[in-house]
Amino acid sequence: MNRTKNWIKRFTMTCLFLLALSVTVQSITGIDFPSFIKKIFQLESHAAASQLAQETPPPLEEAFDWSKYPKTTVIATGYTAGYESTGKNESHPEYGITYSGVKVKRDLYSTVAADLSVFPIGTILFIPEYGYGVVADKGGAIKGNKVDLYYETVEDVYTNWGKREVDVYIIEQGNGKLTEAQLQALNENKSMQVFRQQYISSERK
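Keep in mind the model is a prediction, meaning the values are calculated, not measured. (Residues numbered from 1 in each chain as written. Predicted model: local features only at pLDDT ≥ 70, side-chain atom pairs only at ≥ 80, totals over all residues. Heavy atoms only, no water.)

Take the sheet that holds strand 2 (residues 109-114) next. Reading around the barrel, the 6 strands line up as 1-5-2-4-3-6 and close back on themselves, with mixed pairing between neighbours. Pairwise comparison of adjacent strand axes, ignoring direction, gives a mean angle of 45 degrees for this sheet. As paired strands, strand 3 (residues 124-127) and strand 4 (residues 131-137) are joined by 4 bridges and run antiparallel to one another. When the sheet's bridge partners are listed, F126 is paired in strand 4 with Y132. Along the sheet, helix 6 (residues 180-187) makes contact with strand 2, strand 3 and strand 4, crossing strand 2 at roughly 130 degrees. (Pairing = 2+ DSSP bridges. Helix = DSSP H or I, 4+ residues; strand = E, 2+ residues; numbered from the N terminus. Axes fitted to C-alpha atoms, helices over the stretch in contact; angles between N-to-C directions. Contact = heavy atoms within 4.5 Å.)

The following block contains the structure:
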């Protein structure tokens, strides 16, 4: 009981001391001490918000001038490595392996399937709202200006894409080859890491 009383007494004395100090500072300097503290807090909050804004990169769609790249309109659909898209189960020895030999991947640079007479293996496309797609696969039903965009689950396909007509930008024409090392190098390019989470974080939560 006595300890509680002593603590309350000390707390009250501390508050009175701080109040007296603020009044003294205000009378000597003419500064409205409470307003001064509030203003400092507001400035620090504004600085913190500005720093956070600087650390958050704009979407890729706004970060670069895509008009300098050739553009073409395609019908883009989403697909998975599963039976519903490929007819293969996880027990299949070629499950998740593309025509190029690399494993399917959803990342900043994802694997996509296309008509190889239109977009050869290794072609890099930029697909707005999807990210970069690297042609790594083909499909019997993919003819002409059609592209299949890889997603990890059927839910991701329907939630994030579905099927739509979209303008894609041809960043680099492929030479018919693509390796795991090349795909990894694209995704681990240091200058592009600030954009990477925009395309993988929401689908891996």
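So, next bit.
Looking now at the pairing of strand 4. If a strand is regular, its side chains alternate between the two faces of the sheet. Counting buried residues along strand 4, 7 of its 7 residues qualify, which places the element largely inside the surrounding structure. Here strand 2 runs beside strand 4; their pairing, made up of 5 bridges, is parallel. Opposite S110, over in strand 4, you have G133 as the bridge partner. Connecting strand 3 to the next strand, strand 4, in antiparallel fashion are 3 residues, including E129 with a positive phi near 75 degrees. (Buried < 20%, exposed > 50% of the residue type's maximum accessible area, 1.4 Å probe, protein only.)

What follows covers unusual backbone geometry. With phi around 75 degrees, E129 is a residue other than glycine that occupies positive phi space. Topologically, E129 is positioned in the loop between strand 3 and strand 4. Take E129: its relative accessible area is 57%, and that puts it in the exposed class.

All chains considered together, the criterion is met by 11 aromatic pairs. Ring centres of W66 and Y69 lie 6.0 Å apart, and the angle between their planes is 40 degrees; on these two criteria the pair is classed as tilted. For Y69, a relative accessible area of 25% gives the class partly exposed. Between F126 and Y132, the aromatic rings sit 5.4 Å apart at their centres with planes inclined by 65 degrees, giving edge-to-face as the arrangement. Residue F126 shares its accessibility class with Y132, and that shared class is buried. Here the aromatic residues F64, W66, Y69, Y109, F126, Y132, Y169 and F195 are joined through ring pairs into a cluster of three or more. The lysine or arginine in question, R106, covers the ring of Y130, its NZ or CZ lying 3.9 Å from the ring centre. Taking the ring centre of W161 as reference, the NZ or CZ of R164 above it sits at 3.7 Å. (Phe/Tyr/Trp six-rings, centres within 6.5 Å; stacked < 30°, edge-to-face > 60°. Lys NZ or Arg CZ within 6 Å of the ring centre and 35° of its normal.)

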